[in-house]
Amino acid sequence: MQVPQLLVLFGSQTGTAQDEAERLGREARRRRLGCRVQALDSYAVADLIREPLVIFVCATTGQGDPPDNMKNFWRFIFRKSLLSTSLCQMDFAVLGLGDSSYAKFNFVAKKLHRRLLQLGASALLPPCLGDDQHELGPDAAIDPWLGDLWKKIMRLYPVPLDFPEIPLGIPLPSKFIFQFVQEVPSVGTEGLKLASSDPQRPPSELQPFLAPVITNQRVTGPQHFQDVRLIEFDITGSSISYAAGDVVSIMPSNSETHTQQFCRLLGLNPKQFFLLTPREPGVPHPPGLPQPCTVSHLVSRYLDIASVPRRSFFELLACLSPHGLEREKLLEFSSARGQEELWEYCNRPRRTILEVLCDFPHTAAAIPPDYLLDLIPRIRPRAFSIASSLLAHPGRLQILVAVVQYQTRLKEPRRGLCSSWLASLNPEQGPVQVPLWVRPGSLMFPETPDTPIIMVGPGTGVAPFRAAIQERVAHSQTGNFLFFGCRKRDQDFYWQTEWQELEKKGCLTLVTAFSREQEQKVYVQHRLRELGPLVWELLDRHGAHFYLAGNAKYMPADVTEALTSIFQEEGQLSSADAAAYLARLQQTLRFQTETWA
């Protein structure tokens, strides 16, 4: 009997879908199933007709768009010329990752599931719809779905009896073998080069541009609870071009303190060079990691030791632990019955990988270097809305960064890896460079000169609208309406002077909401309702586009509710017609959102 081959294909924007795909790969190997895990656009999609068993893991981005690394696949799979029997030999399942604060929640997963059925494939299960907004995260939907999936697969594709399942307590072989080298080969210095050196090719994740930091200034008042930074980069000679609505991806580093602490815990020499050899043929070299590489470079720029570990981290750590008590606790955390306790220990207080390793010192000291890349995920790039226009700031790129810091029951405050690292960079103390590249964002602004735009951007959500306003003003486009909200005008009113200058020139209509300046809190949705007649006239009579950017928690729902009530009051629409009107605006991209948790 032939052991079945499982193919796991992922479309991932921020890395979560890739993590889930790799988890599927590990679980398949435990069950003795041959398994390949690949990004959708790196797979020859015409070969799908010969695949018996495929799991698709895909995120939904922006306004219901596929991630960048599945766009070619997406275009191919929706070709009208494909026959309705093209995939009739395939069993499949779709695992979706989305955010229910967006109108098109898990749109890509749902649409892909329907399309595969149209092409004759057989669904093993209904699609899984993971939700970032769930208090337990996407795993709340994924864990039970995976349990059902494996039962179904093992029934349909039984593994021969002489291939018993690898028990959870035994580690799978590591993906790579670390070979420490005493002498650095002559290519070493070349290997550590990170910047994009080809002026013809725009920088990318594999070859970012090392952009010098020009300024890094705090733009919130001294009494304000949050440190918000306006950071400007020099992108001269980078071949980077961007438009309003685009985002910049930045690759952060771990702090020197954390890097040293990690190396001490694991008994590693930060200055030691190593080479990586894949254990199996066809396994690609980790992207962006030089060959050879120093331990210090691996830990500071590649391993995400400041992230909150997933359950799979505890599973592998338990396998590697030589210490009875620590191993027992790790096994408990990785078991199904221990998930509540794991949530309390790890997720609720946002305990990091480094802190967990400090709590399990005997285990940490025994981790073989070969397992570092299996155990610890790579640092993911962070995306920021670009807050400037090249027409206003040639050769420059600006972002508005809220430095993430908050307290949990742990003694040490929680800090955002990228925002804290960016805040620490001081160009006045010497040259500082940041690896970055630009990609299209989810907001697209109209090119027609007479189309008005209504922008609702409380807090740092105003960043992409500054880029749009600068661009439109440079093109002499008027009809710019900005609803901006913050706590107090003297503490966090970003770009106050700039907006007021544009108002004087007649280029902008600014509506502000300062929530803490009066007894009753006033937010952007209240200002929208107050100006309901204007909003309705702009949308219904002048074909305006409506944009919303900011925190995903309550604001998007509150603004949407305010809009719907404006449609009812000013447009005399029934509740059902107002909802349909809003849906039409979304479908025609006249209502766009960019929100984040």
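Every chain's residues receive numbers from 1 upward, in the order its sequence appears when written. Side-chain atom pairs in this predicted model are given and counted only at pLDDT of 80 or more, local residue features only at pLDDT of at least 70, and totals for whole chains, interfaces and linings cover all residues. Each side-chain value is derived from all of the structure's non-hydrogen atoms; neither hydrogens nor water enter the calculation.

Trainee: What is the right way to look at the pattern of salt bridges in this model?
Mentor: Opposite charge on two side chains makes pairing possible when the charged atoms of those side chains draw close. A side-chain nitrogen of Lys or Arg and a carboxyl oxygen of Asp or Glu constitute a salt bridge if their distance falls within 4 Å. According to the stated counting rule, one finds 28 salt bridges in the structure shown. Where arginine 527 meets glutamate 530, a salt bridge forms, and the shortest distance between an N and an O atom there is 3.1 Å. Remark: glutamate 530 and arginine 527 occur in helix 17 (residues 524–530); sequence separation between them is 3 residues, near one turn of the helix. You can call arginine 527 partly exposed: its relative accessible area is 23%. Helical segments are the DSSP runs of H or I of at least four residues, strand segments are the runs of E of at least two, and each set is numbered from the N terminus. Each residue is assigned to one of three classes by its accessible area relative to the maximum for its type, calculated with a 1.4 Å probe on protein chains only: buried under 20%, partly exposed between the two thresholds, exposed over 50%.

Trainee: Sorry if this is basic, but what is going on with the sheet that holds strand 9 (residues 228–234) here?
Mentor: Note on sheets: strands pair through backbone hydrogen bonds, and any given pair is parallel or antiparallel. Two strands form a pair only when DSSP identifies at least two bridges running between them. One open sheet holds the 6 strands; their spatial order is 13-10-17-8-9-14, and the pairing between them is antiparallel. Looking at the sheet topology across the chains shown, the edges are occupied by strand 13 (382–385) and strand 14 (396–402). Across the sheet, the axes of successive neighbouring strands diverge by a mean angle of 40°, strand direction being ignored. Pairing geometry for strand 8 (residues 209–218) and strand 17 (residues 433–439), over 4 bridges, is antiparallel. Among the inter-strand pairings, phenylalanine 209 is bridged to a residue of strand 17, identified as leucine 436. Note on method: axes are straight lines fitted to C-alpha atoms, helices fitted across the in-contact stretch only, with angles between N-to-C directions ranging 0 to 180 degrees.

Trainee: Would you explain the UniProt feature "binding site: FAD" (unreviewed entry) in the chain in this entry?
Mentor: UniProt positions are given in the numbering used here, feature names are shortened, and annotations may be inferred rather than shown by experiment. Sequence positions flagged by UniProt for "binding site: FAD" (unreviewed entry) are, in local numbering, Arg350, Arg382, Ala383, Phe384, Ser385, Gly416, Leu417, Cys418, Ser419 and Trp596. A maximum C-alpha distance of 25.3 Å is found for the annotated residues, which run over 247 residues; spatially they are spread out rather than grouped. When you line up the elements, arginine 382 lands in strand 13. Contact definition: two residues touch when any of their heavy atoms are within 4.5 Å. Setting aside residues no more than four positions away along its own chain, arginine 382 makes contact with Val248, Ser249, Ile250, Pro252, Asp304, Leu417 and Cys418. Structurally, the position occupied by cysteine 418 is in helix 14 (residues 417–424). If near-sequence neighbours (up to four positions away) are discounted, cysteine 418 is found in contact with Ile250, Pro252, Arg382 and Phe384.

Trainee: Teacher, can you tell me more about the sheet that holds strand 22 (residues 591–596) here?
Mentor: Spatial ordering of the open sheet is given by 20-19-18-21-22, a layout of 5 strands whose pairing is parallel. The sheet is open, and its two borders are formed by strand 20 (509–514) and strand 22, each paired with just one other strand. With strand direction ignored, the average angle separating the axes of adjacent strands in the sheet is 10°. Alignment of strand 18 (residues 453–456) against strand 21 (residues 545–551), held across 4 bridges, turns out to be parallel. Opposite valine 456, over in strand 21, you have leucine 548 as the bridge partner.

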